[in-house]
Amino acid sequence: MEKIKVHIADDHQILIDGIIAVLSSEKNIEVVGYSLNGEDVLNWFAANEADVLILDINMPKVDGIAVLQNLIDFDFQPKVIVLSSYDDVKLIKEVLKIGAVGFLAKKCAGENIVEAINKVYKGEQYFEKSIQQKLLNTFTTQSSSKNAVSQDGPFFSSLTPRELEVLQLIARQYNTKEISTELHISVNTVETHRKNLISKLNVKNVVGLAVYAFKNNLV
């Protein structure tokens, strides 16, 4: 079995130990190291590789935001799940813009970390439910502005029937594999449709796609 290699970065040893304890029972996940400050994270990735990085935002020497920005310079970039004591929407949007693919509040890390790792490793984004709702609320507010797209607009009319099917399933919280099974298409085809939808509908991620579907009564 190919294992998902995970590196953990947090300035609290007790939290690292807790995450390692949770992951130790997962046969498909291997913790390949940990760092207690941002400088150590960058030094580790300069000489090593991991599939997924669990990254705290508030760390000494180099904070998580700067770590994210610097990781762009590496030939191999891990999929980053941000850990934070705060679930502020502005912070979430900022780390997504830089390149994170998941976000977990520390208080929920233990119960969600395994699911988060498996999802981002497969190429999906991950947010635990309370954060998803915050993002959805934000996007919904933005969508009610005068520039919101309607079904009669050019964005909607550019979608193919298959793209509409994929969009509806995304809004119903189907993951990539489930969409693949439901529509009898490959996982790669699902990912292609997802990327096309994000581009055509002028949104940033799957949360934006879900909001578009809800707003236009597609689900």
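Residues numbered from 1 in each chain as written. Predicted model: local features only at pLDDT ≥ 70, side-chain atom pairs only at ≥ 80, totals over all residues. Heavy atoms only, no water.

### As for the overall build of the protein chain
The cut-off we apply is this: In this description a helix means any DSSP run of H or I spanning at least four residues, a strand means any run of E spanning at least two, and both kinds are numbered starting from the N terminus. Residue contacts are counted whenever heavy atoms from the two residues lie within 4.5 Å of one another. Computed with a 1.4 Å probe, the accessible areas rest on the Shrake-Rupley method; for each residue, only the protein chains presented here act as cover.
A count of helices and strands for the protein chain gives 11 helices and six strands. Counting only contacts in the protein chain whose residues sit at least 6 apart along the sequence, the fraction spanning at least 24 positions is 65%. As displayed, the protein chain offers around 11500 Å² of accessible surface, 48% of which is attributable to carbon and sulfur atoms.

### Focus: the packing of helix α2 (residues 38-47) against helix α3 (residues 64-71)
Let me state the cut-off plainly: Only the stretch in contact is used when a helix axis is fitted, and all axes are lines through C-alpha atoms; the angle between N-to-C directions ranges over 0 to 180 degrees. Each angle receives one of four descriptions, namely roughly parallel if under 35 degrees, roughly antiparallel if over 145, roughly perpendicular if within 65 to 115, and oblique otherwise. Helix crossings fall into two classes, left-handed where the near helix is turned counterclockwise from the far one by less than a right angle and right-handed where it is turned clockwise. Amino acid classes used here: Ala, Val, Leu, Ile, Met, Phe, Trp, Tyr, Cys and Pro are nonpolar; Asp, Glu, Lys and Arg are charged; the rest, including Gly, are polar.
In the contact formed by α2 and α3, the axes pass within 9 Å of each other and the chain directions differ by 20 degrees. In terms of axis orientation, α2 runs roughly parallel to α3. In the crossing of α2 with α3, the sense of the turn from one axis to the other is right-handed. In this structure, α2 contributes G38, V41, L42 and F45 to the contact, and α3 contributes V67, N70 and L71. Of the residues in the contact of α2 with α3, the class split is five nonpolar, two polar and no charged.

### Looking at the sheet that holds strand β1 (residues 4-9)
Strand pairing in a sheet relies on backbone hydrogen bonds. The paired strands run either parallel or antiparallel. Convention followed: Paired strands, in this sense, are two strands between which DSSP finds at least two bridges.
With respect to topology, six strands assemble into an open sheet ordered β2-β1-β3-β4-β5-β6, the strand pairing being parallel. If you trace the sheet from one side to the other, it starts and ends with β2 (29-35) and β6 (126-127), each paired once. Of the pairings in the sheet, the one linking β1 to strand β3 (residues 52-56) comprises four bridges and is parallel in character. By the bridge assignment for β3, A9 is matched with L55. Sheet contacts for α2: β1, β2 and β3; angle to β2, the most-contacted strand, approximately 125 degrees. Contacts from α3 reach β3 and β4 (79-84), with the element oriented near 150 degrees to β3.

### A short note on the packing of helix α1 (residues 13-23) against helix α5 (residues 109-121)
Each pair of packed helices can be described by the angle between their axes along with the distance between the axes. At a closest axis distance of 10 Å, the pairing of α1 and α5 adopts a crossing angle of 60 degrees. Of the possible angle classes, the one that applies to α1 and α5 is oblique. Like other packed secondary-structure pairs, α1 and α5 cross with a definite hand, here right-handed. Here α1 contributes I19, V22 and L23 to the contact with α5, which in turn contributes G110, I113, V114 and I117. Of the residues contributing to the contact of α1 with α5, the split by class is six nonpolar, one polar and no charged.

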